[in-house]
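Read off the chains here:
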Amino acid sequence: MLVNLNKKLERMDRIYVKRKKGRGLKRILVILMILVVTTLVPGFFIFTGAKQTISHGKTLIAAYKRQNFDQIQDETSAIKSSFQRVDFSLNFLFWLKIIPFLGGYYQDIKGLTSAGVEELKAAEIIFDSLEGNQDELGFRGTSLSGPERVTQSIKLLGKTLPLLPQIEENLKKAADSVKKIDTGKYPETIRGIKMRRLLETAKNFILGVAIAAEDGRDALMIAPKALGLPSAKTYLLLFQNDKEIRPTGGFITAFATLKIDQGQIESTTSDDIYRLDERLLATCESKICPLTPPPPIVKYLPEVTGKPRSAWSMRDSNISPDVPTAAREFERMYQLLGAGFPFDGIIYIDTQVVEEIIDVTGPIDVFGTKYSAEIDKRCNCPNVIYELESYAEIAAKGEQDRKAILGVLMQQILARAMGSEVEKLPELLETVARLANHKHIMFYMHDSSVQNALSKLNWIGEIKAYDGDYLHINDSNFAGGKSNLYVTQDVRQEIKVNNGKVTKKITIEYKNDQPFNTWLNAINLDYVRFYVPKGSKLVSSKGSEVTVTTIEDLGKTVFEAFIQVRPQNSRKLEIEYEIPYQPKEGYKLLIQKQPGAKDFKYEVKLNGKKVEDFELDTDKEFKFPL
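The model shown is predicted, which means the values in this text are computed figures rather than measured ones.

**Student:** Just to check I follow, could you spell out the sheet that holds strand 11 (residues 488-498) for this structure?
**Tutor:** The strands making up a sheet are joined through hydrogen bonds of the backbone, oriented either antiparallel or parallel. Read across the sheet, 6 strands follow the order 14-17-12-11-19-20 without closing on themselves; strand pairing throughout is mixed. At either margin of the open sheet sits one strand with a lone partner, and together these are strand 14 (537-542) and strand 20 (609-615). Taking each pair of neighbouring strands and ignoring which way they run, the sheet shows an average axis angle of 15 degrees. The pairing of strand 11 with strand 12 (residues 501-512) spans 11 bridges and is antiparallel.

So, in structure tokens, the structure goes:
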């Protein structure tokens with residue numbers, strides 16, 4: 001009987017184990033089915049949707065090149081549908097958000113697809129409204145040249161402006177979808193594709209369009225007039241060498257005159273700035289010219305003989321850190337030539353502009369010299385930078401056979417940009433807007449409506465009035481070398497608020513880790529100015545080679561200092577001061593970047609606690625809780 005009982009129990013165990021295995025197998029099958037439904041199926045639709053998007057995108061570009069309006073309209077709708085399919089399918093992978101590492105990439109992809117849908121909805125609205133205007137806008141089924149495309153774009157802008165209220169919400173949603181994307185975590189390249197740059201362009205372009213539709217609407221409204229529609233405009237282009245930093249962005253090296261008519265751009269004259277100064281000197285030999293140099297020029301920029309300067313030249317006219325003020329000073333000197341104002345405004349650019357645009361358009365040849373964005377071993381910097389600095393050295397020596405390369409170079413760059421493949425246009429637009437945002441391109445326009453519109457975009461380089469704490473650090477290299485190519489700065493602000501009294505300590509560490517080079521990297525003689533709230537009082541200073549003085553300028557109190565930074569060396573400059581600002585609900589602070597300067601590191605401490613750590617790539621405003 002006991003034996004039979006054991007056999008029954010063994011049989012029951014086998015049945016239980018078998019059933020347990022069966023239930024386990026069912027669970028595995030259920031899990032696999034769930035994985036298939038939640039991963040493979042959405043993945044399939046994402047893959048096919050992405051494939052269709054790429055295919056329609058190529059067809060859209062081809063349709064634009066052929067100027068086939070109907071096909072452009074159809075392909076825009078088709079791309080939108082493909083994007084929507086991808087975006088909808090991504091919703092089923094929401095669980096990826098909680099997975100470390102993968103979650104961030106999932107949210108980036110979702111943000112880009114959602115933004116794409118909104119942007120394409122806006123494009124559909126625009127194209128639907130343009131039906132019936134194809135011939136007027138130049139969509140005649142034949143390809144256009146680069147300049148013709150620019151003219152067409154200006155006309156398209158004029159037709160699109162009234163539609164902004166209808167598409168503003170779409171553009172805002174698109175911007176909100178991408179603003180949190182951290183492009184810095186992506187590799188520079190993947191299989192030869194510049195992945196990080198591609199993502200940065202997409203993100204900045206989407207954000208820029210939204211900003212232009214909202215804050216930059218005035219600028220969009222005046223754009224056709226500024227670009228020579230209906231009447232031509234002439235602008236003076238001033239090239240500032242940011243590797244020899246000066247108050248508005250760099251030493252003024254060269255100039256060119258640009259005429260813009262119906263969006264068509266041509267360079268009429270160009271030369272180095274020394275030619276203008278030679279004309280000014282010749283003019284002033286026959287009459288009395290009001291060209292008494294300001295104190296910083298007299299003190300820190302002597303003649304070659306060592307004697308203090310007795311005259312003020314156009315190349316040093318940008319001593320004010322406020323671009324409109326410096327532009328007016330330049331024009332005052334220019335008028336002494338007796339030529340009046342043969343231009344409608346001034347556009348300031350620096351070497352960063354030339355470098356980045358050439359990086360997009362590709363190498364350019366001028367007078368047998370190649371200008372490219374490739375690293376040049378002679379300076380450990382982009383080739384175009386070395387060649388521009390080499391030319392600046394030749395111009396400074398006054399060699400008679402020097403050629404006026406800037407105008408020709410800019411004309412070649414503009415021609416290459418306008419003739420670029422359609423695929424490169426978003427990157428070009430994003431590059432130009434970013435350079436203006438980061439103060440490498442600035443404008444001074446005679447037309448007040450144009451100037452005011454550009455001011456709203458913060459594209460005129462003005463020192464702003466502000467009702468809170470304020471800081472602008474301005475460096476002027478009076479050594480004549482190009483050492484700002486290598487000099488870096490780390491800036492630390494330490495703010496203490498005690499019973500309504502505010503004291504601040506600013507510490508700047510200057511570094512130059514590159515070896516000496518006769519004309520490229522020598523001692524940096526730096527006239528440093530701290531623009532702070534009016535009424536501030538200096539408490540102490542360290543590191544300045546002269547006694548720190550206090551003046552007033554542009555509605556600010558200014559502390560003036562002077563240091564020397566040698567190659568393969570570092571220096572610290574420190575000032576401590578009290579400010580009249582009394583914070584109430586929170587601590588407000590505006591930091592304005594110097595035009596042309598690198599994106600230096602800044603750290604802000606409030607009552608001993610670090611509250612900000614960033615790179616100053618443009619003006620930044622903060623409000624800290626107390």
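Next comes the rest of the write-up.
**Student:** Looking at this structure, how should I read the sheet that holds strand 18 (residues 587-592)?
**Tutor:** What the 6 strands build is an open sheet, ordered 15-16-13-10-18-21; its pairing is mixed. The open sheet has two edge strands, strand 15 (549-553) and strand 21 (620-624), and neither has a second partner. Adjacent strand axes in the sheet meet at a mean angle of 25 degrees, parallel and antiparallel pairs treated alike. Judged from the 10 bridges that link them, strand 13 (residues 524-533) and strand 16 (residues 556-565) form a sheet pairing that is antiparallel. The residue of strand 16 that forms the bridge with Val528 is Ala561.

**Student:** Is there a simple way to think about the state of the cysteines in this case?
**Tutor:** Covalent bonding between the sulfur atoms of two cysteines defines a disulfide. Counted according to the given criterion, the structure contains 2 disulfides. The partner cysteine of Cys284 in its disulfide is Cys289, sulfur to sulfur 2.1 Å. Taking the torsion about the sulfur-sulfur bond, which here is approximately -100 degrees, the covalent link between Cys284 and Cys289 counts as left-handed. Disulfide pairing places Cys379 opposite Cys381 at an S-S distance of 1.8 Å. Taking the sign of the S-S torsion, about -90 degrees here, the bridge from Cys379 to Cys381 comes out left-handed. For the pair Cys379 and Cys381, a shared accessibility class is recorded, and that class is buried.

**Student:** In this structure, what is going on with the environment of Ile154? I would like to understand it.
**Tutor:** With respect to the element layout, Ile154 can be found in helix 4 (residues 146-160). Residue Ile154 is classed as buried on the basis of its relative accessible area of 6%.

**Student:** Help me out: how do you make sense of helix 2 (residues 69-90) in this one?
**Tutor:** Each α-helix winds once per 3.6 residues, and so residues spaced three or four apart point in a common direction. For helix 2, spanning 22 residues, the distance from its first C-alpha to its last is 32 Å, which sits close to the expected 32 Å at 1.5 Å a residue. One side-chain oxygen of the residue at the start of helix 2 lies 3.4 Å from the amide nitrogen of Asp70, identifying that residue as Asn68.

**Student:** Hey, could you run me through unusual backbone geometry in this one?
**Tutor:** Of note, the amide linkage connecting Leu229 to Pro230 takes the cis form, showing an omega dihedral of 10 degrees. Despite not being glycine, Asn458 shows a phi value in the positive range, around 65 degrees. By secondary structure assignment, the location of Asn458 is in the loop between helix 15 (448-456) and strand 10 (469-477). Here Leu554, not a glycine, exhibits a phi torsion of approximately 55 degrees, which is positive. Within the secondary structure, Leu554 is located in the loop between strand 15 and strand 16. Overall, the relative accessible area of 31% leaves Leu554 in the partly exposed class.

**Student:** I would appreciate a short explanation of the pattern of salt bridges in the present structure.
**Tutor:** Two side chains with opposite charge may pair up if their charged atoms get near one another. Inspection of every chain in the model, using the stated rule, returns 40 salt bridges. Across the salt bridge formed by Glu329 and Arg332, the nearest N and O atoms sit 2.6 Å from each other. Residue Glu329 and its partner Arg332 are located together in helix 10 (residues 323-335), separated by 3 residues, close to a single helical turn. Overall, the relative accessible area of 19% leaves Glu329 in the buried class. Judged by relative accessible area, Arg332 falls into the partly exposed class, the value being 29%. Each of Arg197, Glu200, Glu356, Glu427, Glu430 and Arg434 takes part in salt bridges that share partners, so that together they form one network.

**Student:** Explain the side chain of Thr113 to me, please; I cannot follow it from the model alone.
**Tutor:** Structurally, Thr113 is set in helix 3 (residues 102-130). A polar contact of 2.9 Å, which involves the side chain of Thr113, links it to the side chain of Asp87. Thr113 has contacts with Phe83, Val86, Asp87 and Leu90, leaving out every residue within four places of it along the chain.

**Student:** Got a minute to help me understand the nonpolar core in this structure?
**Tutor:** Generally speaking, a soluble globular protein has its nonpolar side chains buried in company with each other. Counting residues in each nonpolar core, the largest one holds 48 residues, and the members touching the most others are Ile347, Ile349, Val354, Leu409, Ile413 and Ile441. For this core, the leading source of residues is helix 13 (residues 405-418), giving 6 residues. In contact with Ile413, other than residues within four places in its own chain, are Val354, Ile357, Ile358 and Ile364. Within the second largest apolar cluster, 34 residues are counted, among which are Ile473, Tyr510, Val532 and Ile563.

**Student:** Hey, could you run me through the pairing of strand 13 in this one?
**Tutor:** Looking down a regular strand, the side chains alternate between one sheet face and the other. In terms of residue burial, strand 13 counts as a mostly covered element, since 9 of its 10 residues are buried. Note that strand 10 and strand 13 share 6 bridges and pair antiparallel. Within the sheet, the bridge partner assigned to Asn474 lies in strand 13 and is Arg529.

**Student:** Mind showing me how you'd approach helix 14 (residues 425-437) here?
**Tutor:** Counted at 1.5 Å a residue, the expected span for helix 14 with its 13 residues is 18 Å, and the 18 Å between its end C-alpha atoms agrees. Turning to helix 14, its buried residues number three or more, namely Leu428, Glu430, Thr431, Arg434, Leu435 and Ala436. Note on helix 14: the residue one or two positions beyond its end, Lys439, has a positive phi of about 65 degrees.

**Student:** Sorry if this is basic, but what is going on with the packing of helix 3 against helix 5 (residues 164-178) here?
**Tutor:** Axes are the key here: two packed helices are described by the angle between their axes and the distance separating the axes. Running from N to C, helix 3 and helix 5 point in directions that differ by 165 degrees, and their axes come no closer than 8 Å. Of the possible angle classes, the one that applies to helix 3 and helix 5 is roughly antiparallel. Crossing of helix 3 over helix 5 shows left-handed handedness. Counted together, Gly111, Leu112, Ser114, Ala115, Glu118, Glu119, Lys121, Ala122, Ile125 and Ile126 of helix 3 and Gln166, Ile167, Asn170, Leu171, Lys173, Ala174, Ser177 and Val178 of helix 5 form the full contact between these two elements. Residue composition of the contact of helix 3 with helix 5, by class: 9 nonpolar, 5 polar and 4 charged.

**Student:** Would you take a moment to explain a negative patch on the surface for this structure?
**Tutor:** Together, Asp70, Asp74, Asp128 and Glu131 give the surface a local cluster of negative charge. With respect to the element layout, Glu131 can be found in the loop between helix 3 and helix 4. Residue classification places Glu131 among the partly exposed positions, given a relative accessible area of 47%.

Basis of the calculations
- For every chain, the first residue of its written sequence is number 1, and the numbers climb from 1 along that sequence.
- Per-residue local features of the predicted model are confined to residues with pLDDT of at least 70, and side-chain atom pairs are confined, for both listing and counting, to 80 or more; whole-chain, interface and lining totals are unaffected and use all residues.
- Hydrogens are left out, water is left out, and the side-chain values use all remaining heavy atoms of the structure.
- In this scheme, strands are said to pair when DSSP sees at least two bridges between them.
- Segments assigned H or I by DSSP are reported as helices when at least four residues long, segments assigned E as strands when at least two residues long, and all are numbered from the N terminus.
- Axis lines are fitted through C-alpha atoms, for helices just across the contact stretch, and the angle between N-to-C directions can take any value from 0 to 180 degrees.
- Two cysteine sulfur atoms form a disulfide, by the criterion used here, when they sit within 2.5 Å.
- Burial here depends on accessible area, computed with a 1.4 Å probe over protein chains only, as a share of the maximum for the residue type. Under 20% is buried, over 50% is exposed, and the range in between is partly exposed.
- One less than the residue count of a helix, multiplied by 1.5 Å, gives the span that helix is expected to have.
- Here a polar contact is recorded for every N or O atom pair within 3.5 Å, except that within protein the pair must consist of a potential hydrogen donor and a potential acceptor, and residues adjacent in sequence are included only if both atoms are side-chain atoms.
- Salt-bridge detection follows one rule: a side-chain nitrogen of Lys or Arg within 4 Å of a carboxyl oxygen of Asp or Glu.
- Should any heavy atoms of two residues lie within 4.5 Å, those residues are considered in contact.
- Residues enter a nonpolar core if they are buried and are Ala, Val, Leu, Ile, Met, Phe, Trp, Tyr or Cys, with the set joined through side-chain atoms within 4.5 Å.
- Relative orientations are named as follows: roughly parallel for angles under 35 degrees, roughly antiparallel for angles over 145 degrees, roughly perpendicular for angles from 65 to 115 degrees, and oblique for any other angle.
- In this scheme the crossing of two helices becomes right-handed for a clockwise turn of the near helix relative to the far one and left-handed for an anticlockwise turn of less than a right angle.
- Each residue receives one of three labels: charged for Asp, Glu, Lys and Arg, nonpolar for Ala, Val, Leu, Ile, Met, Phe, Trp, Tyr, Cys and Pro, and polar for the others, Gly being one of them.
- In this scheme, patches are assembled from residues that exceed 30% relative accessible area and form no salt bridge. Like charges are connected within 9 Å, while nonpolar side chains (Val, Leu, Ile, Met, Phe, Trp, Tyr) are connected within 5 Å.
- For every accessible area listed, the method is Shrake-Rupley and the probe measures 1.4 Å; residues are considered covered only by the protein chains on display.
- The positive count covers Lys and Arg only, the negative count covers Asp and Glu only, and His and the chain ends enter neither.
- For the purpose of locating charges, the reference atoms are NZ of Lys, CZ of Arg, CG of Asp and CD of Glu.

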